[in-house]
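The primary structure of each chain is shown beneath.
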Amino acid sequence: MKFDATTIQMLRTGIWESFYMTALSSLFAYVIGLPLGVILVVADQDGIHPIPWLQKILGVIINLLRSVPFLILLFIALPLSKIVIGTRIGSPAIIIPLTIAAAPYVARVVESSFRELDAGVIEAAQSMGASTWQIIWKVLLPESKPSLLLGAALAVTTILSYSAMAGFTGGGGLGAIAINYGYYRYEPFLMWISVILLVVMVQVIQEVGTRLSKKGDKRIR
Amino acid sequence: METPIIQIRDLGKEFRTANGPVRALQDINLEVDAGEIFGIIGLSGAGKSTLVRCVNYLEVPTEGDVLFEGRSMASMTEKERRATRQSMGMIFQQFNLLAQRNVIRNVCFPLELIGVPKKEARERAMELLRTVGLEERALAYPAQLSGGQKQRVAIARALATNPKVLLCDEATSALDPDTTKQILELLKEINRAMGVTILVITHEMSVIEAICDRVAIIDQSRIAEVGAVSEIFVDPKSAIGRRLIMGEAAHQAEAFKQQRSIRIIFDGRESAEPVISNMVLACNAPVNIMYAATRDIQGKAMGQMVVQLPEDAASAERVIRYLRSVRIPYEEVGENEI
Ligand SMILES: Nc1ncnc2c1ncn2[C@@H]1O[C@H](COP(=O)(O)OP(=O)(O)OP(=O)(O)O)[C@@H](O)[C@H]1O
Ligand SMILES: [Mg+2]
């Protein structure tokens, strides 16, 4: 195995594929997970708009999805990819199972961010006559922003590591390269390169998340 | 006569918990007049916070009703209640400012909720910050302020929508004595200048003395007594009232209660004359002062003193006769009260 232009090109494509699988899956996971996280907190028994049955059912569904191992979820969800994206192989196809796996995780991460918020602040908003929507938009979300950003770094890095499994379904990305060359072809050199690149990506995402969170946090003097 | 701005009618609150029901309020009847500073005092767990939260229906009572300007909050829709809350500002022990918003945006917050245009809201906010003396800190964030400053911002925020009532739940309990004094002065000034009715919840008698016109004492979920502060301070009728006014002394004094004791009441008249030394001289008998609390309330010397009478019965009788002859109110203190 030589480290030539083809290899570099392949790694480049791998980085790009890992990037867009993670980015799109994260985006969709947040589009679904963020509102679910809001419901988990707001509709809770002692939330600002209690709908206990909805909150409980949602909790059960989320736990259920979270307890299915990703590799199994991947194969269960691929027929859905066929319907939505038109293919069950390749990198785009894995975005659907990744989103399904990540959305409940995101919902829990978001939920815990909201729960960190001091109940007194919400009480103050209520005492000023704020509606449920106003509390969500003007208190819950902006006041939890630093914590939400930290949670996002956690969620995105987790999604990136899950995206490595795309290798099992004919998808691409750095994970697929590592699996294909390291596991199937016994070429540890390329495997290690891919793993190192993945590690770098995780570091970058975590660093960006941490910095954004700190920079935007007005609680720090 | 004008209708009271807040009328609390047969109000009760029971919390349902995993360990069975918890009774927080029972048979509460109170009326707060427009323009007054009304205090509610009680020990921890008495139900003060629950009561104040029932006043603006953040907590829905399980029995009874609250009338705000004669309108029943119980029969309001949630939307109407939210609108009513805009006429009742509230401040808290922990200030509860929005940490991610600077001072001026905190004050603008309630105005934003009702859709006041941004520019107008900012002007109003600056005006209020001037009132509370914090205009130079308009762009600071709550984390950069002291406790007293945070409470000033909270006061400005609570006043932004021009409320008729300001609810204060232990608003000074997290502050040092000097800052407490300043905040209480500010509240008094707001009451005087803007005519805002203020409901003060506290566990400290000194807060009540400093600013309240009338006070209700709440004990174990019920109102123990209600009255003008000057009256209750001079002559608390309830055991809890005595305990709150005398504080720790009530317990310390218990130890000395083997002998006959009397409570001498200062109702403002005797402030100029040295009552006790005159008494000792006139009767030629020593007395033991066990407890004394005399304070200046609204320009008069008010308070009481508990003295132990001389051991021999004859001297004790002389003291009693002396007090009666000079018309100083007193009462004998029984075994279990002081
Ligand atoms: N949400 C709740 N669920 C169950 N019990 C409650 C709840 N809120 C208050 N209580 C109970 O009601 C009683 C009165 O509480 P409340 O907070 O009103 O007291 P408080 O007079 O404000 O005390 P403190 O001075 O400590 O603030 C207490 O026994 C408390 O445990
Ligand atoms: Mg309380």
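Structural data are supplied above this passage.
Residues numbered from 1 in each chain as written. Chains lettered and ligands numbered in written order. Predicted model: local features only at pLDDT ≥ 70, side-chain atom pairs only at ≥ 80, totals over all residues. Heavy atoms only, no water.

Draft legend 1. Structural context of the overall build of chain B. Along the backbone of chain B there are 12 helices and 14 strands. Taking the principal axes of its C-alpha atoms as reference, chain B extends roughly 80 × 50 × 45 Å. By the burial criterion, 54% of the 338 residues in chain B qualify as buried. Taking contacts inside chain B between residues at least 6 apart in sequence as the whole, the part at least 24 apart equals 69%. Surface summary for chain B: the accessible area is close to 15300 Å², and the carbon and sulfur share equals 47%. Charged side chains in chain B number 41 positive and 45 negative. The centres of these two groups are separated by 6 Å. (Helix = DSSP H or I, 4+ residues; strand = E, 2+ residues; numbered from the N terminus. Buried < 20%, exposed > 50% of the residue type's maximum accessible area, 1.4 Å probe, protein only. Contact = heavy atoms within 4.5 Å. Areas by Shrake-Rupley, 256 points an atom, 1.4 Å probe, with all protein chains shown as cover. Lys, Arg positive; Asp, Glu negative; His and termini not counted. Charge placed at Lys NZ, Arg CZ, Asp CG, Glu CD.)

Draft legend 2. Expanded view of the interface of chain B and chain A. Taken together, the contact between chain B and chain A spans 23 residues of the former and 23 residues of the latter. Overall, the association of chain B and chain A removes approximately 2100 Å² of surface from exposure, summing both partners, and the carbon and sulfur fraction of that is 57%. Contact with chain A buries surface across chain B, with Gln100(B), Leu113(B) and Ala143(B) losing the most and accounting together for 30% of the total. The tally of links from chain B across to chain A stands at two salt bridges. Remark: the boundary between chain B and chain A carries nine residue pairs in polar contact (both at pLDDT 80 or more). In terms of residues, the side of chain B that touches chain A owes the most to one element, helix H3 (residues 103-113) of chain B, which gives four residues. Residues that form the side of chain B that touches chain A fall into these classes: 12 nonpolar, five polar and six charged. (Buried area = accessible area lost by both parts, 1.4 Å probe. Salt bridge = Lys/Arg side-chain N within 4 Å of Asp/Glu carboxyl O. Polar contact = N/O pair within 3.5 Å; in protein donor to acceptor, adjacent residues only side chain to side chain. Nonpolar A, V, L, I, M, F, W, Y, C, P; charged D, E, K, R; others polar.)

Draft legend 3. The environment of Leu78(A), seen in detail. Residues and elements named next belong to chain A. With respect to the secondary-structure elements, leucine 78 resides in helix H3 (residues 70-84). Placed 91 residues apart in sequence, leucine 78 and threonine 169 show a C-alpha to C-alpha distance of 8.9 Å. With residues near it in sequence (within four places) discarded, leucine 78 still touches Arg88, Ala93, Pro97 and Thr169.

Draft legend 4. Spatial organisation of the site of ligand 1. Residue and element names in this part refer to chain B. Around ligand 1, the structure places 13 residues, and the nearest of them are Ser44, Gly45, Lys48, Ser49 and Thr50. A distance of 3.2 Å separates an oxygen atom of ligand 1 from a polar atom in the backbone of alanine 46. Coverage of ligand 1 by the protein chains reaches 61% of its 640 Å² of free accessible surface. With three residues, helix H1 (residues 48-55) is the single largest residue contributor to the shell around ligand 1. A per-class count over the shell around ligand 1 returns five nonpolar, six polar and two charged. (Near = heavy atom within 4 Å.)

Draft legend 5. Spatial organisation of the sheet that holds strand E7 (residues 165-169) of chain B. Residue and element names in this part refer to chain B. The strand order E6-E7-E8-E3-E9-E10 describes an open sheet built from six strands, whose pairing is mixed. Looking at which strands have only one partner, the edges of the open sheet turn out to be strand E6 (88-92) and strand E10 (222-228). Averaged over all pairs of adjacent strands, the angle between strand axes in this sheet comes to 15°, irrespective of strand direction. Pairing geometry for strand E9 (residues 214-219) and E10, over six bridges, is antiparallel. Each residue of the ladder has a partner; that of isoleucine 218, found in E10, is isoleucine 223. (Pairing = 2+ DSSP bridges. Axes fitted to C-alpha atoms, helices over the stretch in contact; angles between N-to-C directions.)

Draft legend 6. Examining the pattern of salt bridges more closely. Considering all chains together, one arrives at 25 salt bridges over all chains under this definition. Arg211(A) serves as the salt-bridge partner of Glu207(A), at 3.3 Å between the closest nitrogen and oxygen. Here the residue Glu207(A) and the residue Arg211(A) both occupy positions in helix H8 (residues 188-216), the gap between them amounting to four residues, near one helical turn. Of the charged contacts, one joins Lys237(B) and Asp235(B) as a salt bridge, the two residues approaching to 3.1 Å between their closest N and O atoms.

Draft legend 7. The environment of Gln149(B), seen in detail. All names here are of chain B. By the secondary structure assignment, glutamine 149 is in helix H5 (residues 147-159). Among the residues examined, glutamine 149 registers a relative accessible area of 23% and is labelled partly exposed. When sequence neighbours within four positions are dropped, the list of residues in contact with glutamine 149 reads Leu134 and Arg137.

Draft legend 8. View of a nonpolar patch on the surface. Residues and elements named next belong to chain A. Nonpolar side chains collect at one region of the surface, where Leu71, Ile72, Phe75, Ile76, Phe168, Tyr183 and Tyr184 lie side by side and expose about 750 Å² of accessible area between them. It is H3 that provides the largest number of residues to the nonpolar patch, a total of four residues. As for its position among the elements, isoleucine 72 is in helix H3. Residue classification places isoleucine 72 among the partly exposed positions, given a relative accessible area of 46%. (Patch = residues over 30% accessible without salt bridge, like charges linked within 9 Å, V, L, I, M, F, W, Y side chains within 5 Å.)

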